[in-house]
Protein chains: 2
Amino acid sequence: MRPMSEPTYFILASLLDGPLHGYAIIKRAGELSGGRVRLAVGTLYGALDRLAGNGLIAVDREEIVDGRPRRYFTITDDGADAVTQEAKRMAQAARIVVRRQPGMVTS
Amino acid sequence: MRPMSEPTYFILASLLDGPLHGYAIIKRAGELSGGRVRLAVGTLYGALDRLAGNGLIAVDREEIVDGRPRRYFTITDDGADAVTQEAKRMAQAARIVVRRQPGMVTS
DNA sequence: CAGCATATATCGAGTGCCGAAGTATGCGCC
DNA sequence: GGCGCATACTTCGGCACTCGATATATGCTG
């Protein structure tokens, strides 16, 4: 498995709490990252197609609200495994550098 | 600052111990990651040019060993700051997912 | 009614990674 | 001596992904 990009990672992480539709994912990713991550729409919808193709997410249901379509996505078991793997990978990579900063406050 | 790719991150991390030449960076990155990261040569030399252009690394010295040139690179203060920043970013991102995995052993 | 938030789709440009091929040298082995 | 291998760097083309812009459509608010 090759590393996952930040947008991809946050899309999957956003779905861990339950199904969301595209725009809601953008907001959730913003919240989870403390406002740091702002998914571009072009990134999001491209990534959603790709992730669905890979089986990491799946369409949960489609609704029409106020005449506007809403597609809800769920994370699959494979997707949940992938984010967890990725989280471990990042944590370990971070340790390599952080470890040699003695006196760092771990907040 | 936008997130850093894994190859870029490991190149900078490799140089935290002192100057290294290209091929040695590949080996060091492999060691640091426990054999997981294998920098492709095309990735490496492209990234070295880019990072030098960004001022995150600099050419330390050039040697000729057995008629073969060797270019040693050092990490700059900006580079060290950037990896450290990136390590924090990854650690925080990892926490978002790992936190909801109760029962995880933090080694 | 103008402007903004919601919601999705699509496209083109740019960035960066990767594998492959090329150049060059020294060393060990048969 | 010549073959293959490890070292060391360069360059190139393809591919994946991100991003911003543009488009479309609706409802709410001033």
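Model, not experiment: these values are computed from the prediction.

Could you clarify how one ought to interpret the relation of the copies chain A and chain B in this entry?
Mapping between the two copies of the chain is achieved by a rotation about an axis and a shift along the axis. Relative to chain B, chain A is turned by 180° and slid 0.0 Å along the rotation axis, the superposed coordinates differing by an RMSD of 0.0 Å. As the rotation angle and translation indicate, the two copies are arranged about a two-fold axis. The residues that chain A uses at the interface reappear at the interface of chain B in 96% of cases, marking a shared surface.

I would appreciate a short explanation of a nonpolar patch on the surface in the present structure.
On the surface, Tyr23, Val41 and Tyr45 of chain A cluster together to form a nonpolar patch covering roughly 310 Å² of accessible area. Considering the arrangement of structural elements, one finds Tyr45 of chain A in helix H3 (residues 41-54).

Any chance you could explain the packing of helix H1 (residues 6-14) of chain B against helix H3 (residues 41-54) of chain B here in plain terms?
When two helices pack together, their arrangement is given by the angle between the helix axes and the distance between those axes. Residues and elements named next belong to chain B. Where H1 contacts H3, the two axes come as close as 10 Å, and the packing angle between them is 70°. In terms of their interaxial angle, H1 and H3 are classed as roughly perpendicular. Counting all contacts with H1, which are made through Pro7, Thr8, Ile11 and Leu12, the residues of H3 involved are Thr43, Leu44, Ala47, Leu48, Arg50 and Leu51. Considering only residue class, the contact of H1 with H3 consists of seven nonpolar, two polar and one charged.

What am I meant to see in the protein's contact with DNA strand C here?
Lining the immediate environment of DNA strand C, one finds 21 residues, of which Arg70 and Arg71 of chain A together with Ser5, Arg50 and Arg68 of chain B sit closest. Among the atoms of DNA strand C lying within 4 Å of the protein, the sugar-phosphate backbone contributes 72%. A distance of 3.0 Å separates a phosphate oxygen of DNA strand C from a polar side-chain atom of Tyr45 of chain A. With respect to DNA strand C, the side chain of Arg71 of chain A contributes an N or O atom lying 2.4 Å from a phosphate oxygen.

Any chance you could explain the nonpolar core here in plain terms?
One broad rule of soluble globular proteins: the nonpolar side chains tend to lie buried together. In this structure, Tyr9 of chain A together with Tyr9 of chain B are the most contacted members of the largest nonpolar core, which totals 62 residues. Leaving out residues up to four positions away in the same chain, Tyr9 of chain B has contacts with Ala93, Ala94 and Val97 of chain A together with Met4, Val83, Glu86, Ala87 and Met90 of chain B.

Honestly, the pattern of salt bridges in this entry has me stumped. Any pointers?
Where side chains of opposite charge bring their charged atoms close, a pairing between them can arise. Considering all chains together, one arrives at 14 salt bridges over all chains under this definition. Glu6 of chain A is paired through a salt bridge with Arg89 of chain B; the nearest N and O atoms lie 2.5 Å apart. With Glu6 of chain A in helix H1 (residues 6-14) and Arg89 of chain B in helix H4 (residues 77-98), this residue pair bridges two chains. We note that Glu6 of chain A, like Arg89 of chain B, is buried. Between Arg61 of chain A and Asp60 of chain A there is a salt bridge; the shortest N-O distance is 2.8 Å. Judged by its relative accessible area of 35%, Arg61 of chain A falls in the partly exposed class. Owing to a relative accessible area of 36%, Asp60 of chain A belongs among the partly exposed residues under this scheme. A single salt-bridge network, built from bridges that share partners, covers Glu6 and Arg36 of chain A together with Glu86 and Arg89 of chain B.

Rules behind the numbers
Counting restarts for each chain: residues are numbered from 1 in the order of the written sequence. Here every chain gets a letter starting at A, and every ligand a number starting at 1, in the order they are written. Where local features are concerned, this predicted model is filtered to residues with pLDDT of at least 70; where side-chain atom pairs are given and counted, the filter is 80 or more; whole-chain, interface and lining totals use all residues. Note: side-chain values were computed over all heavy atoms of the structure, leaving out hydrogens and water. Here the copies are matched by least squares. The fit uses the C-alpha atoms of residues with pLDDT of at least 70 in both. Note on contacts: a residue pair qualifies if any of its non-hydrogen atoms lie within 4.5 Å across the two residues. Patches were defined on residues exceeding 30% relative accessible area and lacking a salt bridge, with like-charge contacts within 9 Å and nonpolar side-chain contacts (Val, Leu, Ile, Met, Phe, Trp, Tyr) within 5 Å. For the accessible areas, the method is Shrake-Rupley and the probe is 1.4 Å, while residue cover comes only from the protein chains on display. Any carboxyl oxygen of Asp or Glu within 4 Å of a side-chain nitrogen of Lys or Arg constitutes a salt bridge here. Strands are runs of DSSP state E lasting at least 2 residues, helices are runs of H or I lasting at least 4, and numbering of each runs from the N terminus. Helix axes are fitted only over the stretch in contact, all axes being lines through C-alpha atoms; the angle between N-to-C directions runs from 0 to 180 degrees. Here the word oblique covers every angle except those under 35 degrees (roughly parallel), over 145 (roughly antiparallel) and from 65 to 115 (roughly perpendicular). When residues are sorted by character, Ala, Val, Leu, Ile, Met, Phe, Trp, Tyr, Cys and Pro go into the nonpolar class, Asp, Glu, Lys and Arg into the charged class, and all the rest, Gly among them, into the polar class. For this purpose, a residue is taken to be near a molecule or strand whenever a single non-hydrogen atom of the residue falls within 4 Å of it. Here a polar contact is taken to be a pair of N or O atoms separated by no more than 3.5 Å, where protein atoms must pair a possible hydrogen donor with a possible acceptor and residues adjacent in sequence count only if both atoms sit in side chains. Here, nonpolar core refers to any group of buried Ala, Val, Leu, Ile, Met, Phe, Trp, Tyr and Cys residues whose side-chain atoms link them within 4.5 Å. Categorising residues by exposure relies on relative accessible area from a 1.4 Å probe, with only protein chains included: less than 20% of the type maximum marks a residue as buried, more than 50% marks it as exposed, and the intermediate range marks it as partly exposed.

So, to be careful, I would describe these as geometric facts and stop short of saying anything about function.
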